[in-house]
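Close look at the chain arrangement
Single-letter residue listing:
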Amino acid sequence: MHKLILWDIDHTLIETGGVGSEVFKDAFEQVTGRKIDRLADVTGRTEQVIFRETLDLYDIEDPGDYFEKFVQVQAASYRARADEMCQRGRALPGAREALQAFAELPDITQTVLTGNPKPSAIAKLETFGLVHYLDLEIGAYGTDDSIRPNLVPIAQARATTRTGHTYTRETTYIIGDTKSDVEAAHKGGAQIVAVATGDTTVKQLRDAGALQVLSSLREVTELPL
Ligand SMILES: [Mg+2]
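Here we come to the domain arrangement of the protein chain. Per the domain assignment, the segments making up the protein chain are domain 1 (3–15 + 89–222) and domain 2 (19–86). For domain 1 versus domain 2, the separation of C-alpha centres amounts to 23 Å. Counting from both sides, the interface comprises 19 residues of domain 1 and, opposite them, 18 residues of domain 2. Of all the elements in the fold, those that place two or more residues in the side of domain 1 that touches domain 2 are α6 (118–127) and α8 (179–188). At 5 residues, α6 tops the list of elements feeding residues into the side of domain 1 that touches domain 2. Here the residues of the side of domain 1 that touches domain 2 sort into 3 nonpolar, 10 polar and 6 charged.

Set out below in structure tokens:
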């Protein structure tokens, strides 16, 4: 049975140590010309939604091509601040080992399912040296759709094109830290492995409907995948 693992990035594989929200703010200001001191709620949400709601917070009505520009500026900013992000942020405990362990198993394909725009997702994973375990060309990103569950069939279709195998709800696994990851799996068509390394507790993830909840990725290789 061929399986597809779809990794969430923020608070699942890595933490930026606050660099992420600073980069968002700087890129937003650079693109819109408006100074901001707050942004919309980010947890588990896709970047298009965070961006749109932050525009709303500041009554900016006609975004034009702001989001497209924002995506480029944001990724460039992550790259420029890679050393700082390494200092302040981290790959989460067990992340590298889990990626490596799955990469060595036959019949498993690994990529990402993230609300991040693709260029920023790649920049972050490169900063922490995690890209070579993942096939990032077949991932699904916040630049593909603003609704997270819609990203599941996008990733499945790309993986099928790459490998020739079909991926169903039974053979696709999202690994993520928020209720939005749980919802994406349920509505989008995947199993969920939740990991309580973000702001959402084990109990909250269970209550959201995750059957498998880990306290950290150190436990992930014990899963019967
Ligand atoms: Mg996350």
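Let's shift gears to the sheet that holds strand β1 (residues 3–7). One open sheet accounts for 5 strands, arranged β4-β1-β5-β6-β7; its pairing is parallel. Looking at strand neighbours, the two that pair on one side only are β4 (108–112) and β7 (212–214), the edges of this open sheet. Strand-to-strand, the axes of this sheet are offset by a mean angle of 20°, without reference to chain direction. Packed onto the sheet, helix α7 (residues 151–163) meets β1, β4 and β5 (172–176) and runs at close to 135° relative to β4.

In this section: the pairing of β5. In terms of burial, β5 is largely enclosed, as 5 of its 5 residues are buried. Residues of β5 alternate between two faces, with Thr172, Ile174 and Gly176 on one and Tyr173 and Ile175 on the opposite face, all of them buried. Sheet analysis places β1 next to β5, joined by 4 bridges and oriented parallel. Bridged to leucine 6 within β5 is isoleucine 174. At this point the chain moves from β5, through α8, to the parallel strand β6 (residues 191–195), and the crossover so formed is right-handed.

Here is what the cut-offs are and how they apply
- Here the residue index of a chain counts from 1 through its sequence in written order.
- With pLDDT at 70 or above as the cut-off, local features in this predicted model cover only qualifying residues; side-chain atom pairs require 80 or more to be listed or tallied, and sums for whole chains, interfaces and linings still use all residues.
- The split of the chain into domains comes from an automatic or database domain assignment.
- Note on contacts: each residue gets a C-beta atom placed from the backbone, and two residues are in contact if those atoms are within 7 Å.
- Every helix listed is a DSSP run of H or I at least four residues long, and every strand listed is a run of E at least two residues long, numbered separately from the N terminus.
- Polar here means any residue outside two lists: the nonpolar Ala, Val, Leu, Ile, Met, Phe, Trp, Tyr, Cys and Pro, and the charged Asp, Glu, Lys and Arg; Gly therefore counts as polar.
- Should DSSP find at least two bridges between two strands, the strands are regarded as paired.
- What counts as an axis is a line fitted to C-alpha atoms, over the stretch in contact for a helix, and the angles between N-to-C directions run from 0 to 180 degrees.
- Every C-beta atom is placed from the backbone, and the number of other C-beta atoms within 10 Å of a residue's own sets its class: buried at 20 or more, exposed at 12 or fewer, partly exposed in between.
- Assignment of crossover handedness uses the view with strands pointing away from the viewer, where a clockwise path from the first strand over the helix to the second indicates a right-handed crossover.

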